[in-house]
Amino acid sequence: MRNVMTIFRRDLAAYFTSPIGYIFMIVFVTISVGLYITSFFTFPVADMRPFFANFPIMFCVFIPAVTMRVWAEDRKDNTWEMLLTFPMKAWELVLGKFAATLAFFAITLSATFTIPVMISVLGNPDIGPIVSGYLGSLLLGAYFLSIGIFFSGFFKDQILAFVVTLLTCFSIFLLGTNFIAAYLDDVFTGLGTTLSELVGLSSHFATFTRGVIEIADVLYFVAWTGIFLLLNALYIDGRNRRGVRIIFSGAVAVCLAIGFLANWLIADTSLGRFDMTEGNIFTVSDASKNILKKVDTPVQVKLYITPKGQMPTGMTSLERDITDKLDELRVASGGNLQYSVINLEVSEAISSAEISADDEAAESDEEVLEKRLLDKGVEPFPVEAMSENQITSKLVYSSIGVAYKDKQEEILPQIMPQSLLELEYRLVSTIYKLTREKDPVVALVAPKEAVNIAPEMRRIFQQIGRPVPQSEDPYDILERFLDYEKYEIRRVDLTSVSTMPEEYDTLVVINPRAFNERQRWEVNRALLAGKSVVMAVQTYEWSYQATSTGTSLNSREETPQVNELLQAYGLGVDEDFLMDINHVPLRVQSSANPLASLFGGGHTVNLPMHMLINNASMDQDTSITSRLSAVFYLWGTALTIDEEKLHELGLEAKTLMYTSDGAWKWPKEVPLTSASFERPSAGEGPYPLMVLVTGQFPDAFEGQERPAWPVADPRSGQFPPPSPPAEGPAGEITPAPGKLILIGCSEMFRKDFLQAGNLDLFINSIDAVTLGDDLINVRGRKPIDRLIDTPSSGTRQMWKFVNYVLASTAIALVGISVAMLRRRSRDAYTMAYLSAEE
């Protein structure tokens with residue numbers, strides 16, 4: 001390896017003995033970092049996937065600039081023949097030059113270290129995808145470097161070597177994109193898909209950016225890098241031999257054929273992988289294994305999917321991706337999961353129109369099977385496909401059926417590439433719900449609201465023939481989602497005519513309003529008996545009105561009247577206004593325009609009461625919150641937690657969610673001014689927002705009689721309401737440890753403001769206190785948006801300076817220092833030479 005190191009030191013030094021190397025590094029760092037920073041502070045997320053996503057295109061331009069001089073400069077300066085007369089083998093020359101260019105590229109890549117440092121300081125990034133992303137970038141760079149060195153040996157002109165390398169790298173990159181592959185498939189069926197699998201690099205590189213190191217992807221880059229280096233060595237070694245062109249052309253054909261064959265063999269195969277993500281989210285979870293191994297009878301899973309050849313280009317690998325996940329689950333289940341694949345083609349009978357009774361006899365077996373599956377819920381669905389240079393719609397099958405014993409087969413419809421991350425949860429949760437003895441019962445207490453319809457809107461409803469709504473259920477999505485998750489829902493008003501069900505597992509109270517003593521007694525009884533209770537409380541709401549001078553704000557105080565009960569447990573809901581520097585704008589409808597709700601009109605209000613709670617402000621050791629990206633905590637308040645009383649009662653409290661350090665409160669008795677919405681010089685937070693309390697709850701009504709249901713006052717001009725029905729004595733209960741989740745916000749669960757993170761928080765809370773942690777841990781097996789607390793203006797400017805100026809300045813200073821040292825060394829040599837002459 002001595003000869004390799006000699007060439008390595010010579011070529012690497014050449015990059016740093018001229019300004020070109022430093023200029024290249026500064027330009028690359030400035031552009032790559034600048035593209036990322038430009039959008040980073042608009043919506044800061046501790047995620048470097050967008051940073052790495054720019055690399056394939058950037059490398060197509062910058063790497064040819066690095067390699068164009070490797071051989072071309074030697075040929076231009078007539079040092080080519082002298083270099084080849086050295087007692088070195090061709091492969092030593094090639095390997096030395098490649099190692100030098102790779103070292104220079106690695107140094108340049110490492111100069112982008114300011115990005116991972118920045119997001120680590122500001123947020124809580126997943127280090128695994130960052131490490132694998134840099135590894136994938138290094139392998140991709142090595143691949144393109146080998147191509148550049150290969151073509152540099154053909155030309156004396158560096159510009160020509162640059163252009164040819166650039167076109168080759170761009171072609172390889174574009175062949176791996178779905179757009180080009182779909183276009184080629186439209187020209188010649190299967191051409192684009194085949195070239196994408198054999199040549200394209202996009203899918204291989206994307207795996208690294210997700211945080212997964214696939215052995216097959218590593219082999220792809222290593223193999224093609226080795227092929228181009230081997231061809232370069234063969235070309236150099238046989239430069240002056242007779243018949244070298246024929247021999248070299250044959251070698252190129254053989255090497256490319258071997259490369260294509262190797263890619264084809266590993267295209268549909270997983271040779272092993274390393275999951276670098278936090279929590280190994282791309283690996284079957286322990287929670288899934290626990291659920292599957294508890295199944296007493298094997299579960300039958302059927303994949304109903306359109307054949308690969310009839311799938312749109314972007315979905316040709318879907319069957320392989322699904323069966324890979326099914327194989328993992330089959331192995332993890334210890335044989336409790338078995339699967340089969342049923343390929344279905346969309347027949348004309350399904351895609352065009354219904355078949356009449358007279359035509360049923362003429363149907364083929366495939367059509368009969370397809371119609372039976374259609375009745376069972378296996379339906380084709382439209383996806384976009386390119387046809388004749390146009391985007392068209394095509395019907396395809398991609399559904400999964402799950403059967404257990406004699407129960408009806410559950411169908412998971414529309415399994416798409418973008419939903420593969422949720423496939424494990426959808427499958428395991430379906431199996432879990434099919435195999436349990438009975439569905440858990442949830443008693444849901446959530447108010448419905450009367451609707452005040454303006455006269456103009458009433459006329460519009462009447463003109464279009466729709467009934468004028470009298471009431472609205474702002475929480476109906478929660479009820480539907482619980483039903484989708486196979487909970488048995490008992491919706492009650494907690495009144496004399498809508499009482500608690502006799503049997504239930506969990507009590508969910510959303511936005512309690514003016515809770516009376518009897519309602520508090522019912523909640524206390526549930527906790528005393530060891531039931532689980534989830535309570536989301538709202539103490540005030542805001543209304544916004546657009547005016548000629550701005551936006552008018554009006555607050556409406558809610559009266560949940562639950563603190564009388566919560567204080568018995570050492571808890572409470574604060575009544576002061578809560579604000580946070582982490583907030584998002586809210587689009588509200590304008591009441592001045594009655595048609596706004598129909599046509600999407602409204603105005604945007606950005607106030608600190610629209611709090612966004614990031615993952616960094618959530619408990620990472622609890623399954624309920626550990627895998628949530630963010631929660632929209634709208635108009636919520638803080639909680640009060642009396643640690644001494646909790647300890648005295650023997651209750652264990654764990655805060656699951658906080659505000660940021662930059663939160664503050666404004667007393668409700670003090671009138672609001674513009675200064676109320678400005679952050680204090682020093683943040684007052686964090687404040688607790690969500691708490692989980694477990695243990696034996698005390699009886700807050702000990703020694704008291706059961707309160708009677710209140711009698712409502714009669715409205716003016718109406719008959720008095722009936723008296724509550726007579727009740728028997730309250731049954732005896734056996735005290736048992738219970739669970740209480742308390743949240744200081746219920747607006748976050750209204751359908752008008754319900755977001756993905758809020759819905760995940762809701763169902764996670766229900767699952768945790770009702771079923772345990774296994775199902776939540778499976779649901780959390782997906783990447784999360786690691787949002788960063790909104791940095792101050794000074795912090796933003798500092799990090800922009802660090803990324804834009806510091807790294808580039810450091811590179812420039814190193815270059816200047818090296819130049820000065822070389823000049824000083826050269827002057828010293830000249831002076832010594834002149835002294836010797838004298």
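Scroll up to find the structure this text is about.
Residues take numbers from 1 onward in each chain, read along the sequence in its written order. pLDDT decides what is reported in this predicted model: residues at 70 or higher carry local features, side-chain atom pairs at 80 or more are listed and counted, and totals for whole chains, interfaces and linings draw on all residues regardless. As a rule here, side-chain values cover all heavy atoms of the structure and leave hydrogens and water aside.

Trainee: Can you break down the overall build of the protein residue by residue, with the values?
Mentor: On a plain count of helices and strands, the protein comes out with 29 helices and 27 strands. The cut-offs for exposure are 20% and 50% of the maximum accessible area for each residue type, with area from a 1.4 Å probe on protein chains only; residues under the lower value are buried, those over the upper are exposed, and the others partly exposed. Expressed as a percentage of its 838 residues, the buried residues of the protein come to 47%. In the protein, 77% of the contacts between residues at least 6 apart in sequence involve partners at least 24 apart. Segments assigned H or I by DSSP are reported as helices when at least four residues long, segments assigned E as strands when at least two residues long, and all are numbered from the N terminus. It only takes one pair of heavy atoms within 4.5 Å for two residues to be counted as in contact.

Trainee: An account of the sheet that holds strand 3 (residues 299-305) is requested, with residue identities and associated values reported.
Mentor: By definition, the strands of a sheet pair up through backbone hydrogen bonds, in either a parallel or an antiparallel sense. Each pair of strands is called paired provided DSSP finds at least two bridges between the two strands. Taken together, four strands build an open sheet; the order of strands is 4-3-7-8 and the sheet is mixed. Both outer strands of the open sheet, strand 4 (337-343) and strand 8 (410-412), are each paired with one neighbouring strand and no more. Taking each pair of neighbouring strands and ignoring which way they run, the sheet shows an average axis angle of 20°. Lines fitted to C-alpha atoms define the axes, with helix axes restricted to the stretch in contact, and inter-axis angles between N-to-C directions lie between 0 and 180 degrees. Against the sheet, helix 20 (residues 423-435) contacts strand 3, strand 4, strand 7 (398-403) and strand 8, and its axis sits at roughly 25° relative to strand 7.

Trainee: Explain the sheet that holds strand 12 (residues 488-491) to me, and be specific about the residues and the numbers.
Mentor: Strand order in the open sheet made by the seven strands is 12-9-13-14-27-26-24, with mixed pairing throughout. On the outer flanks of this sheet lie strand 12 and strand 24 (652-658), each paired with one strand and no other. Shown here is a sheet whose adjacent strand axes are inclined to one another by a mean of 15°, direction ignored. Where strand 26 (residues 688-695) lies against strand 27 (residues 738-743), six bridges are found, and the strand directions are antiparallel. Looking across to strand 27, one finds that leucine 692 is bridged to isoleucine 741. Helix-sheet contacts for helix 23 (residues 517-528) involve strand 13 (506-510), strand 14 (532-536) and strand 27, and the interaxial angle to strand 14 is about 140°. Across the sheet, helix 27 (residues 756-770) touches strand 9 (441-445), strand 13, strand 14, strand 24, strand 26 and strand 27, and the angle it forms with strand 13 is around 150°.

Trainee: Account for the packing of helix 7 (residues 90-110) against helix 9 (residues 127-152), naming residues and giving values.
Mentor: In the contact formed by helix 7 and helix 9, the axes pass within 10 Å of each other and the chain directions differ by 140°. Classed by the angle they form, the pair helix 7 and helix 9 counts as oblique. Crossing of helix 7 over helix 9 shows right-handed handedness. Together, Lys97, Phe98, Thr101, Leu102, Phe105, Ala106 and Leu109 of helix 7 and Tyr134, Ser137, Leu138, Gly141, Ala142, Leu145, Ser146 and Ile149 of helix 9 make up the contact between the two elements. Looking at the contact of helix 7 with helix 9 residue by residue, the class counts come to 10 nonpolar, four polar and one charged. Angular relationships are summarised with four words: roughly parallel below 35 degrees, roughly antiparallel beyond 145, roughly perpendicular across 65 to 115, and oblique for the angles in between. Left-handed describes a crossing whose near helix is turned anticlockwise from the far helix by less than a right angle; the clockwise case is right-handed. Polarity classes work like this: nonpolar for Ala, Val, Leu, Ile, Met, Phe, Trp, Tyr, Cys and Pro, charged for Asp, Glu, Lys and Arg, and polar for all others, with Gly in that last group.

Trainee: I'd like a rundown of the pairing of strand 14, residues and numbers included.
Mentor: Here strand 14 lies mainly inside the structure; five of its five residues are buried. Where burial is concerned, the two faces of strand 14 agree: the one with Ser532, Val534 and Ala536 and the one with Val533 and Met535 are both buried. Where strand 13 lies against strand 14, five bridges are found, and the strand directions are parallel. By the bridge assignment for strand 14, valine 508 is matched with valine 534. Call a crossover right-handed when, viewed with both strands pointing away from you, the route from the first strand across the helix to the second goes clockwise. On the question of chirality, the crossover connecting strand 13 to the parallel strand 14 by way of helix 23 is right-handed. Inspection of the sheet shows strand 14 paired to strand 27 by five bridges, in the parallel sense. What sits directly across from serine 532, in strand 27, is lysine 739.

Trainee: For the nonpolar core, give the residues involved together with the corresponding values.
Mentor: One finds Phe55, Phe59, Met118, Tyr143, Phe144, Leu201 and Phe221 to be the most contacted residues of the largest nonpolar core, which totals 85 residues. Ranked by residues supplied to this core, first place goes to helix 9 with 12 residues. Excluding residues that lie within four positions of it along the chain, phenylalanine 55 makes contacts with Phe28, Ser32, Leu109, Ser137 and Phe205. Within this scheme, the nonpolar core is defined by two criteria: the residues are buried Ala, Val, Leu, Ile, Met, Phe, Trp, Tyr or Cys, and they are joined through side-chain atoms within 4.5 Å. Leu478, Ile613, Met618 and Tyr687 belong to the second largest nonpolar core, which has 42 residues in total.

Trainee: Lay out the environment of serine 676 in plain terms, naming residues and giving numbers.
Mentor: Among the structural elements, serine 676 can be located in the loop between strand 25 (663-666) and strand 26. Overall, the relative accessible area of 0% leaves serine 676 in the buried class. The spacing of serine 676 and tryptophan 666 is 10 residues in sequence and 6.8 Å in space, taken between C-alpha atoms. Among all residues touching serine 676, those that are not within four sequence positions of it are Met579, Trp664, Trp666 and Pro671.

Trainee: For the side chain of serine 617, give the residues involved together with the corresponding values.
Mentor: Here serine 617 is to be found in the loop between strand 21 (610-614) and strand 22 (630-634). Serine 617 has contacts with Leu656, Met657, Tyr658, Thr659, Ser660 and Asp789, leaving out every residue within four places of it along the chain.

Trainee: Please provide a residue-by-residue account of the packing of helix 16 (residues 286-293) against helix 20, values included.
Mentor: The geometry of helix 16 relative to helix 20 is characterised by a closest axis approach of 10 Å and an angle of 30° between their N-to-C directions. With respect to their mutual orientation, helix 16 and helix 20 come out roughly parallel. With respect to the hand of their crossing, helix 16 and helix 20 are arranged in left-handed fashion. Between helix 16 and helix 20, the residues in contact are Ser288, Ile291 and Leu292 and Glu424, Val428, Ile431 and Tyr432, respectively. Of the residues that constitute the contact of helix 16 with helix 20, the class distribution is five nonpolar, one polar and one charged.

Trainee: Any chance you could break down unusual backbone geometry for me, citing the residues and the numbers?
Mentor: At lysine 405, a position not held by glycine, the phi torsion is positive, near 55°. Structurally, lysine 405 is set in the loop between strand 7 and strand 8. Here leucine 494, not a glycine, exhibits a phi torsion of approximately 60°, which is positive. Turning to its location among the elements, leucine 494 is positioned in the loop between strand 12 and strand 13. Overall, leucine 494 belongs to the buried group, its relative accessible area being 0%.

Trainee: Please provide a residue-by-residue account of the pairing of strand 7, values included.
Mentor: Most of strand 7 sits out of view: five of its six residues are buried. As paired elements, strand 7 and strand 8 share three bridges and run antiparallel to each other. What sits directly across from valine 402, in strand 8, is glutamate 410. In sequence, strand 7 turns back onto strand 8 through a hairpin of six residues, with lysine 405 there showing a positive phi of about 55°.

Trainee: Tell me about helix 23, and please be specific about residues and values.
Mentor: Expected helix span is computed as 1.5 Å times (number of residues minus one). In a regular helix each residue adds 1.5 Å, so 12 residues correspond to 16 Å; helix 23 covers 16 Å between its end C-alpha atoms and thus fits that length. Among the 12 residues in helix 23, 10 count as buried, and that is most of the element. Every buried residue belonging to helix 23 is among Arg518, Gln519, Arg520, Trp521, Glu522, Val523, Asn524, Ala526, Leu527 and Leu528, and all of these are buried. Considering only its buried residues, helix 23 is in contact with strand 13, strand 14, helix 24 (563-566) and strand 27. Capping of helix 23 at its N-terminal end is provided by asparagine 516; its side-chain oxygen lies 3.1 Å from the backbone amide nitrogen of arginine 518. Looking at the residues trailing helix 23, positive phi occurs at glycine 530, about 90°. Polar contacts here mean pairs of N or O atoms no more than 3.5 Å apart (in protein, one a potential hydrogen donor and the other a potential acceptor; neighbouring residues in sequence count only if both atoms are side-chain atoms).

Trainee: Lay out the pattern of salt bridges in plain terms, naming residues and giving numbers.
Mentor: Close approach of charged atoms lets side chains of opposite charge pair. We count a salt bridge whenever a side-chain nitrogen from Lys or Arg sits within 4 Å of a carboxyl oxygen from Asp or Glu. In the structure shown here, the tally under the stated rule is 30 salt bridges. Measuring nitrogen to oxygen at the nearest pair gives 3.8 Å for the salt bridge that ties lysine 325 to glutamate 328. Pair noted here: lysine 325 and glutamate 328 are both in helix 17 (residues 318-332), with a separation of three residues, about one helical turn. Overall, the relative accessible area of 13% leaves lysine 325 in the buried class.

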